[in-house]
Amino acid sequence: GENVEQHPSTLSVQEGDSAVIKCTYSDSASNYFPWYKQELGKRPQLIIDIRSNVGEKKDQRIAVTLNKTAKHFSLHITETQPEDSAVYFCAAHTGGFKTIFGAGTRLFVKA
Amino acid sequence: GAVVSQHPSWVICKSGTSVKIECRSLDFQATTMFWYRQFPKQSLMLMATSNEGSKATYEQGVEKDKFLINHASLTLSTLTVTSAHPEDSSFYICSALPGLTQYFGPGTRLTVL
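The structure reproduced in this document is the subject of the present report. Numbering of residues starts from 1 in each chain and follows the order in which that chain's sequence is written. Chain letters and ligand numbers both follow the written order, the letters beginning at A and the numbers at 1. Only residues with pLDDT of at least 70 are given local features in this predicted model, and only at 80 or more are side-chain atom pairs given and counted; all residues enter the totals for whole chains, interfaces and linings. To get the side-chain values, take all heavy atoms of the structure and skip hydrogens and water.

1. A word on the interface of chain B and chain A
We apply this condition: Contacts between residues were defined by any pair of non-hydrogen atoms, one from each residue, lying within 4.5 Å. Buried area is calculated as the accessible area (1.4 Å probe) missing from two parts once they are joined, with the contributions of both summed. What makes a salt bridge here is a side-chain nitrogen of Lys or Arg within 4 Å of a carboxyl oxygen of Asp or Glu, nothing more. What qualifies as a polar contact is a pair of N or O atoms within 3.5 Å, subject to a donor-acceptor requirement within protein and to the restriction that residues adjacent in sequence count only when both atoms come from side chains. Secondary structure elements are defined from DSSP: runs of H or I of at least 4 residues count as helices, runs of E of at least 2 residues count as strands, and each element is numbered from the N terminus. Note on residue categories: nonpolar means Ala, Val, Leu, Ile, Met, Phe, Trp, Tyr, Cys or Pro, charged means Asp, Glu, Lys or Arg, and polar means any other residue, Gly included.
Taken together, the contacts link 21 residues of chain B with 19 residues of chain A. Regarding the contact of chain B and chain A, the summed buried area is about 1,700 Å², with carbon and sulfur atoms giving 59% of it. Along the contact surface separating chain B from chain A lie 1 salt bridge. B:Glu59 is paired through a salt bridge with A:Lys98; the nearest N and O atoms lie 3.2 Å apart. Between the two partners, chain B and chain A, sit 8 residue pairs in polar contact (both at pLDDT 80 or more). Elements with a contribution of two residues or more to the side of chain B that touches chain A: β4 (32-38) and β9 (90-96) of chain B. A total of 4 residues in the side of chain B that touches chain A trace back to one element, the largest contributor, which is β4(B). When its residues are assigned to classes, the side of chain B that touches chain A shows 11 nonpolar, 7 polar and 3 charged.

2. Observations regarding unusual backbone geometry
A:His7 connects to A:Pro8 through a cis peptide bond whose omega is -5 degrees. Summarising the element assignment, A:Pro8 is placed in the loop between β1 (4-7) and β2 (10-14). For the peptide bond that leads from B:His7 to B:Pro8, omega is 0 degrees, which places it in the cis range. Tracing the chain through its elements places B:Pro8 in the loop between β1 (4-7) and β2 (10-13).

3. Digging into the nonpolar core
Nonpolar side chains in soluble globular proteins tend to end up buried together. As a reminder of what qualifies: By convention a nonpolar core is built from buried Ala, Val, Leu, Ile, Met, Phe, Trp, Tyr and Cys residues, the set being connected through side-chain atoms within 4.5 Å. Using a 1.4 Å probe on the protein chains alone, a residue whose accessible area is under 20% of its type maximum counts as buried, one over 50% counts as exposed, and one in between counts as partly exposed.
With 26 residues, the main nonpolar core has B:Trp35, B:Tyr58, B:Phe67, B:Ile69, B:Leu79, B:Tyr92 and B:Leu110 as its most contacted residues. At the level of elements, β2, β3 (19-25), β4, β5 (45-51), β7 (67-73), β8 (76-81), β9 and β11 (108-112) of chain B are the ones that each hand at least two residues to this core. The contacts of B:Phe67, once residues within four sequence positions are left out, are B:Arg37, B:Met47, B:Tyr58, B:Val62, B:Leu79, B:Thr80, B:Val81, B:Asp88 and B:Tyr92. A:Leu11, A:Ile21, A:Ile50 and A:Leu107 belong to the second-largest nonpolar core, a separate cluster that totals 24 residues.

4. So, the sheet that holds β7(B)
Sheet strands associate in pairs through backbone hydrogen bonding, adopting either a parallel or an antiparallel arrangement. Residue and element names in this part refer to chain B. Condition: Between any two strands, at least two bridges found by DSSP are needed for them to pair. A fitted line through C-alpha atoms serves as each axis, taken over the contacting stretch for helices, and the angle formed by two N-to-C directions is quoted from 0 to 180°.
Ordered by their spatial adjacency, 4 strands build an open sheet running β1-β3-β8-β7, and the pairing between neighbours is antiparallel. Each of the sheet's edge strands pairs with one partner strand only, and the pair in question is β1 and β7. Averaged over neighbouring strand pairs, the angle between their axes works out to 15 degrees when direction is ignored. Examined bridge by bridge, β3 and β8 share 6 bridges and lie antiparallel to one another. Paired with Arg24 across the bridge in β8 is Leu76.

5. Structural notes on the side chain of B:Ser43
Topologically, B:Ser43 is positioned in the loop between β4 and β5. Judged by relative accessible area, B:Ser43 falls into the buried class, the value being 18%. Separated by 2.6 Å, the side chain of B:Ser43 and the backbone oxygen of A:Gly102 make a polar contact.

6. Some thoughts on a nonpolar patch on the surface
Residue and element names in this part refer to chain B. Rule in force here: Residues enter patches when they are more than 30% accessible in relative terms and free of salt bridges; like-charged ones are connected within 9 Å and nonpolar ones (Val, Leu, Ile, Met, Phe, Trp, Tyr) within 5 Å. Here the accessible surface of atoms and residues is derived via Shrake-Rupley with a 1.4 Å probe, and residues count as covered only by protein chains that are part of the display.
Taken together, Trp10, Ile12 and Leu113 make up a surface patch of nonpolar side chains, about 390 Å² in accessible area. Take Leu113: it is sitting in the segment after β11. Take Leu113: its relative accessible area is 62%, and that puts it in the exposed class.

7. Overview of the sheet that holds β1(A)
Residues and elements named next belong to chain A. One open sheet holds the 5 strands; their spatial order is β1-β3-β8-β7-β6, and the pairing between them is antiparallel. The open sheet has two edge strands, β1 and β6 (56-59), and neither has a second partner. Strand-to-strand twist of the sheet, defined as the mean angle between neighbouring strand axes without regard to direction, takes the value 15 degrees. In this sheet, strand β8 (residues 72-77) lies alongside strand β3 (residues 19-25) in antiparallel orientation, the contact comprising 6 bridges. From the neighbouring strand, Lys22 faces β8, where its bridge partner is Ser74.

8. Points about the packing of aromatic side chains
The condition is simple: Aromatic pairing here means that ring centres of Phe, Tyr or Trp (its six-membered ring) are within 6.5 Å. Orientation follows from the plane angle: under 30 degrees is stacked, over 60 is edge-to-face, and everything else is tilted.
Enumeration according to the criterion identifies 10 aromatic pairs over all chains in this entry. Aromatic side chains A:Tyr25 and A:Phe33 sit 4.7 Å apart centroid to centroid with 45 degrees between the ring planes, which places their arrangement in the tilted category. With a centroid separation of 5.8 Å and an interplanar angle of 50 degrees, the aromatic rings of B:Tyr36 and B:Phe104 are classed as tilted. Of this pair, B:Tyr36 sits in strand β4 while B:Phe104 is found in strand β10 (residues 103-104), placing the two residues 68 residues apart along the sequence. For B:Tyr36, a relative accessible area of 1% gives the class buried. Accessibility expressed as a relative area gives 3% for B:Phe104, which makes it buried.

Written as structure tokens, this is what we have:
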């Protein structure tokens with residue numbers, strides 16, 4: 001069935017360094033890939049998204065890349081700050097309304 | 001962005017009782033809403049897709065008689081956990097789709113004693 005794999009499960013970086021989270025998806029019909037940030041006890045919040053007809057998208061310190069051939073997409077956070085510490089989920093929107101989420105990456109940014 | 005509210009934000013109940021959770025889209029109409037549960041340090045697990053005016057679609061392994069879903073209007077979906085047990089304790093989150101992007105409610109933390 002449809003599946004999204006996310007790595008790493010935990011990532012610890014020094015403040016100011018970059019963080020990269022990678023995901024792969026199984027359904028080649030997936031056409032939309034959002035990334036969510038979830039702080040402890042709160043709702044997931046959309047931080048960036050990319051559609052299948054685009055290879056890269058950037059929003060200030062956050063960028064997402066998509067390789068449709070390999071069915072990979074990645075989140076890049078540059079100049080990390082302590083407030084970036086959270087759990088990040090990638091997701092793939094399949095045909096219809098279904099969105100499949102990755103298992104999440106717990107990011108720790110050390111000051 | 002779109003706003004989704006959820007009520008209550010937390011609830012504690014006794015084993016065997018039923019609990020109703022409401023999910024509302026405040027500034028858009030949602031023919032489809034989703035219900036997820038999330039255990040500590042785990043991902044979002046889709047329980048069911050709620051369709052306005054028709055029956056919900058449940059994911060494999062989710063008991064439809066235990067988790068009753070009603071989507072009676074374009075802005076409201078409800079999830080009722082019937083005969084709750086301690087293993088039903090979890091964080092329940094709803095979401096709605098004004099377009100491609102899902103917007104999540106703030107979640108309901110259910111604790112069953």
